[in-house]
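# A closer look at the structure
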Amino acid sequence: MRKLKILGVVLVLLLVSLLLLGYLALRGSLPRLDGQLALAGLGAPVHIERDARGVPTIEAANRADLAFATGFLHAQDRFFEMDLSRRLAGGELSELFGTVALAQDRRARLFRFRSVAQAVLAQAAPGQRAAMEAYARGVNAGLAALGARPWEYWLLGQKPRPWATEDGILVVYAMWWDLQAEGFRRGIVRRQVNARLGGAECADGWKCALAFFYPPGTNWDAPAGRVPEGAASEPAIPGPEAINVRAAPGVAGPTHPSRAPAVGSNNWAVGGQLTATGAALLANDMHLTQRVPTIWYHARLKVSAGAGDNLVLDGVTLPGGPLLVAGSNGRLAWGFTNSYGNWLDVERVDCSAVQAGRMTTPGGVVPLSVISEEIKVKGAPTAVLDVQSGPRGTLVRVDERAHECWFGSWLAQRPEATNMNLMQLEHAGSVQEALQLAPQIGIPHQNAMLADRDGHIAWTIFGRIPEDTSSGRALAAGPWTTFAEHPRIVDPPLGRLWSANARVASDPRQLQLIGGDLAALGAEYDLGARAGQIRDDLLARQGPFAPADMLRIQLDDRAVFLARWQALALSVSEAAGADPRHAQFHRLVAGWNAHASVDSVGYRLVRAFHDRTQQAVWDMLLAGLAITPDEGSYPPSQFEGPLWQLVTKQPLHLLSSRYASWSDFLRAQLDATLEELGGSCPQLEQCTWGAHDRVRIRHPLSGALPGLAGFLDMPTVELPGDQDMPRVQVGNLGASERLAVSPGHEDQAYLTLPGGQSGHPLSPYYRAGFLAWAHGETLPLVPGPAQHTLTLVPR
């Protein structure tokens, strides 16, 4: 018995020792906050102050040392996040996670972004290359200065790989991937629809059948800076000679959710004539998939050179790069929304077989170039991927059953489309100077909103645009736009500009430059409901505008878009008969508060009815074209216009033979909606919007460590908002930051992020600011008083 007690004590002590060692190892990877560090690679001392939220002010004597110190801090606080970004773009996640990441690596490796990044770096301007090299040295110095490797690598049983200069370019390609790669899937579906309709791609605008599926505009759509001029033209409903769903085989109900929310954002600007200070006012909230740690890293970057080269930059940086992504330099402020346009192409080729280096087509054998890519896989043999290319681009998909080979080309594959010229904004003193720079800025295409200290505002595209607007322009090597014709809108008479991923320009040439050969098909713009609501909010106030007015618009969760669907849902449920479920649905929908609020039952019911109906109609139309919808076959964003025409005009030839009438179809969608809702909330009156859409912002490793999820993740919350209103929140997709700033008045500005500065769960800055973001509160853009000071000195 005594031996058992001794053994028990020994086991307890061993367990405590292991836990203590684990805790000490975890604490060892916390960043250094105070004192002095001597580091090789610096030219002069750098001072780093952190405020109570951990937001740093980095002050250096030159731009290279500022880049070094930025890399140092990014590595200390966020190295694992940076590592995942470079590996995502490079197709190198399997080296860290094993075979579970191999499919994603195969998709990304098709574009060989590491090789492209090396080419981008080779052509970089000397000053930019020097900044990237200094940043890489700073990252590796920051990693080495930790007392232990970052905690994620202990869990994965790996050692972090040193940072290479080209890795900073790969982080930019990770954004290309997040913002544009989904266009390949959408492009394939569009080509399939066009092929089944048997026509060319809509040379006569909206009058062709394809434009019914992909309309160029909606009733919400209005160019930025202009008051809407009546409803948009409706694309003609195609006749039975183009598509006859009635004659197609019966279509089952949709088996997957409605359209996935597009990657998008909001930004707008108000001219100085409408503000109390005379400076223009910018607001920006970039909508991305939220994660732990947050995507952005809040910082103040200063160069105090004493010779007229001084810089003070306030805003967000992206871990992996040395520059300010969005914010203000004291004279100019800028922010982004994703620009949908024709930035990639897909081409279908009839093929019967594909082998290494060759493709068999009805016209004979077509040679393909082959580059073998090796993908390292943790715990498994190295995988080899043969990247095959032909005259129409990279072979991205082979469908042997349908005898289809799909080739893709993407501007991201051209080294000259990516660069670090965004750094030049640091010295831009006006909107006009920024517009001169815009055609040369090589990033994933963005609606850039600009506001300057003198009161001027403008919209333009940041991202290189080919002059060629024909099909296949992503593959061509033609010239890029210059300042003379690069899209822009400057100082509109309304004194207001806005963008929310919808159509912004009205000039035909500008629309063609953005949309290319897809300009007549809406160029994949967002629906426009969100942009229209922002526009109306801006026009409702005559000024003077202040940052608090920007926040009110950012938090606007009114259900303007679904108002007509509420009326339709009431009509369908009232006509459905005496079923008590329909009566209860009718009562709850009639009592909605017209907001996507967490306690709204009516909003959830209307949204569920809309989504179910939309997906069922889309699947019906695809079936009528003999296209089998796959798991990712969501209707395009602009499909709302055709959808509303169908459910109101009710053409019989576009209705499945499973239904006697459109009324029967709509009642069936109501019943299906109630059945789906019953699976998650048996008591219909308890089906609130907040309960449906709980926001879980998670660390990438918490899914594999469920016992530590509460330690690693942000608190689970119920938040208002949806995808077709200014306050966007769909699960964990929402505002990755909320910013409002007038250049020269940064002390009045705010910046709120959905999480803290640090990626370390033991840091006091891990969750700092999350609850303020969740509650719709503001936090200052400019860091507060210093709580910690670290000095980096040359060694």
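Above this text sits the structure in question.
Now for a look at the structure at hand.

About the thresholds
For every chain, the first residue of the written sequence is number 1, and numbering continues from 1 along that sequence. Given that the model is predicted, a residue must reach a pLDDT of at least 70 before its local features are reported, and side-chain atom pairs must reach 80 or more before they are shown or counted; all residues, however, enter totals for whole chains, interfaces and linings. To obtain the side-chain values, all non-hydrogen atoms of the structure were used and water was disregarded. The helix and strand labels rest on DSSP assignments: H or I over at least four residues marks a helix, E over at least two residues marks a strand, and numbering proceeds from the N terminus. Just to be clear, the radius of gyration here is over C-alpha atoms, and the globule rule we use is 2.2 Å times residues to the power 0.38. With a 1.4 Å probe rolled over the protein chains alone, any residue whose accessible area is under 20% of its type maximum counts as buried; one over 50% counts as exposed, and the rest are partly exposed. For this analysis, residues touch if any pair of their heavy atoms sits within 4.5 Å. The charge count treats Lys and Arg as positive and Asp and Glu as negative. His and the chain ends do not count. Taken as the charge location is NZ of Lys, CZ of Arg, CG of Asp or CD of Glu. Note on definitions: salt bridges are taken to be side-chain nitrogens of Lys or Arg within 4 Å of carboxyl oxygens of Asp or Glu. Each polar contact in these results corresponds to two N or O atoms within 3.5 Å; when the atoms are within protein, one needs to be able to donate a hydrogen and the other to accept it, and residues that are neighboring in sequence are counted only if both atoms are side-chain atoms. We define the nonpolar core as a collection of buried residues of types Ala, Val, Leu, Ile, Met, Phe, Trp, Tyr and Cys that are connected through side-chain atoms lying within 4.5 Å of one another. Here a cavity denotes a set of grid points, spaced 1 Å apart and computed over the protein atoms alone, in which a 1.4 Å probe fits but from which it cannot get out, and a pocket denotes an open set meeting protein on both sides within 12 Å along at least five of seven lines; residues with an atom within 4 Å of a point are reported as lining. Grid points are joined across faces, edges and corners, and a volume is the space filled by probe spheres set on the points. As a working rule, the residues Ala, Val, Leu, Ile, Met, Phe, Trp, Tyr, Cys and Pro are called nonpolar, Asp, Glu, Lys and Arg charged, and the rest polar, with Gly in that last group. Aromatic contacts are taken between Phe, Tyr and Trp rings whose centres are within 6.5 Å, Trp giving its six-membered ring; a plane angle under 30 degrees counts as stacked, one over 60 as edge-to-face, and the others as tilted. Criterion for a charge above a ring: Arg CZ or Lys NZ at most 6 Å from the ring centre, at most 35 degrees from the ring normal. Any two strands are treated as partners once DSSP identifies two or more bridges connecting them. Convention adopted: a line fitted to C-alpha atoms gives each axis, helices being fitted over their contacting stretch, and angles between N-to-C directions are expressed from 0 to 180 degrees. Note on disulfides: each one is a pair of cysteine sulfur atoms within 2.5 Å.

Right, let's talk about the overall build of the protein chain for a bit. Of regular secondary structure, the protein chain possesses 22 helices and 26 strands. In summary, the protein chain has a C-alpha radius of gyration of 27 Å against a globular reference of 28 Å for 795 residues, a match within 12%. Along the three orthogonal principal directions, the C-alpha set of the protein chain runs to about 85 × 80 × 65 Å. Among the 795 residues that make up the protein chain, the fraction classed as buried is 59%. Looking at the protein chain alone, contacts between residues at least 24 apart form 73% of all its contacts between residues at least 6 apart. Each charge sign in the protein chain was given a centre, from 70 positive and 75 negative side chains, and these centres are 6 Å apart.

Here the focus is the side chain of aspartate 65. You can see aspartate 65 is positioned in helix α2 (residues 63–90). No salt bridge forms around the buried aspartate 65; measuring N to O, its nearest opposite-charge neighbour arginine 137 is 6.2 Å away. At 2.9 Å, the side chain of aspartate 65 and the backbone nitrogen of alanine 44 are in polar contact.

Among the nonpolar cores identified, the biggest contains 149 residues, and Tyr173, Trp296, Trp410, Phe462 and Leu792 are the most heavily contacted of them. Among the elements that make up this core, the one with the highest residue count is α2 (13 residues). Ignoring sequence-local partners within four residues, the contact set of tyrosine 173 consists of Ala89, Phe113, Val116, Ala117, Val120, Ala412 and Thr418.

Moving on: the layout of surface pockets. A volume near 1,400 Å³ is recorded for the largest pocket. Lining the largest pocket are 44 residues, and of these Leu88, Gln104, Arg107, Trp177 and Asp178 lie nearest its centre.

Inspection of the entire model under this criterion finds 12 cavities of 30 Å³ or more. Of the voids in this model, the largest cavity is the one considered here, and its volume is about 370 Å³. For the lining of the largest cavity, the secondary-structure elements that each account for two or more residues are α8 (167–180), β4 (264–270), β5 (281–289) and β9 (332–338). Per-element accounting of the lining of the largest cavity gives the leading share, 5 residues, to α8. Its residues assigned to classes, the lining of the largest cavity comprises 16 nonpolar, 9 polar and no charged. In this structure, the second largest cavity occupies an estimated 170 Å³ of space. If you go around the second largest cavity, you meet 17 residues; those closest to its centre are Gly183, Arg186, Gly341, Leu344 and Glu524. With 4 residues, helix α9 (residues 183–197) is the largest single contributor of residues to the lining of the second largest cavity.

Here the focus is the side chain of arginine 464. The topology assignment puts arginine 464 in the loop between β19 (457–462) and β20 (488–490). As a buried residue without a salt bridge, arginine 464 has its nearest oppositely charged side chain in glutamate 416, at a separation of 6.8 Å. At 3.0 Å, the side chain of arginine 464 and the backbone oxygen of glutamate 416 are in polar contact. Of note is the side chain of arginine 464, whose polar atom sits 3.5 Å from the side chain of glutamine 440. For arginine 464, the residues in contact, after removing those within four places along its chain, are Leu411, Glu416, Ala417, Asn419, Pro439, Gln440, Ile441, Gly442, His445 and Trp480.

Now for unusual backbone geometry. Residue proline 293 follows valine 292 across a cis peptide bond; omega there is -5 degrees. Considering the arrangement of structural elements, one finds proline 293 in the loop between β5 and β6 (297–303). In this structure, proline 544 follows glycine 543 across a cis peptide bond, with omega equal to -5 degrees. Phi at alanine 594 takes a positive value of approximately 60 degrees, unusual for a residue other than glycine. Within the fold, alanine 594 resides in the loop between α16 (580–590) and α17 (601–624). Look at glutamine 650: it is not a glycine, yet its phi comes out positive at around 55 degrees. As for its placement among the helices and strands, glutamine 650 is situated in the loop between α18 (640–649) and α19 (662–680).

Here the structure, examined in full by the defined rule, presents 21 aromatic pairs. A centroid spacing of 5.6 Å and a plane angle of 85 degrees characterise the contact between phenylalanine 80 and tyrosine 153, whose relative ring orientation is edge-to-face. Of this pair, phenylalanine 80 sits in helix α2 while tyrosine 153 is found in helix α7 (residues 151–156), placing the two residues 73 residues apart along the sequence. The two residues phenylalanine 80 and tyrosine 153 agree in class, both being buried. With 6.4 Å between their ring centres and 10 degrees between their planes, tryptophan 592 and tyrosine 603 make a pair best called stacked. Pair noted here: tryptophan 592 is in the loop between α16 and α17 and tyrosine 603 is in helix α17, with a separation of 11 residues, a long-range link. Accessibility classification places tryptophan 592 together with tyrosine 603 in one group, the buried group. One aromatic cluster in this structure is built from Phe111, Phe113, Tyr173, Trp176, Trp177, Phe184 and Trp410. Sitting above the plane of the tryptophan 154 ring, arginine 149 keeps its charged end 4.1 Å from the centroid. Above the face of the phenylalanine 483 ring, arginine 488 is positioned so that its terminal group lies 4.1 Å from the ring centre.

Right, let's get into the sheet that holds β19. Strand order in the open sheet formed by 11 strands is β1-β26-β2-β3-β6-β7-β8-β9-β18-β19-β20, and the pairing between neighbours is mixed. Each of the sheet's edge strands pairs with one partner strand only, and the pair in question is β1 (35–39) and β20. Strand-to-strand twist in this sheet, taken as the mean axis angle between neighbours without regard to direction, amounts to 25 degrees.

Glancing now at the state of the cysteines. Between two cysteines, a covalent bond joining their sulfur atoms is known as a disulfide. Applying the stated criterion across every chain, the model contains 2 disulfides. In this model, cysteine 351 is linked to cysteine 405 through a disulfide, with the two sulfur atoms separated by 2.1 Å. Between cysteine 351 and cysteine 405, the disulfide has an S-S torsion of 90 degrees and is therefore right-handed. Residue cysteine 351 is found in the loop between β10 (344–350) and β11 (353–355), and its partner cysteine 405 is found in strand β17 (residues 404–410); the two are separated by 54 residues along the sequence. Both residues of the pair, cysteine 351 and cysteine 405, count as buried. Through a disulfide, cysteine 681 is tied to cysteine 687; the S-S separation comes to 1.5 Å. The S-S bond linking cysteine 681 to cysteine 687 shows a torsion near 85 degrees; that makes this disulfide right-handed. Judged by its relative accessible area of 0%, cysteine 687 is buried.

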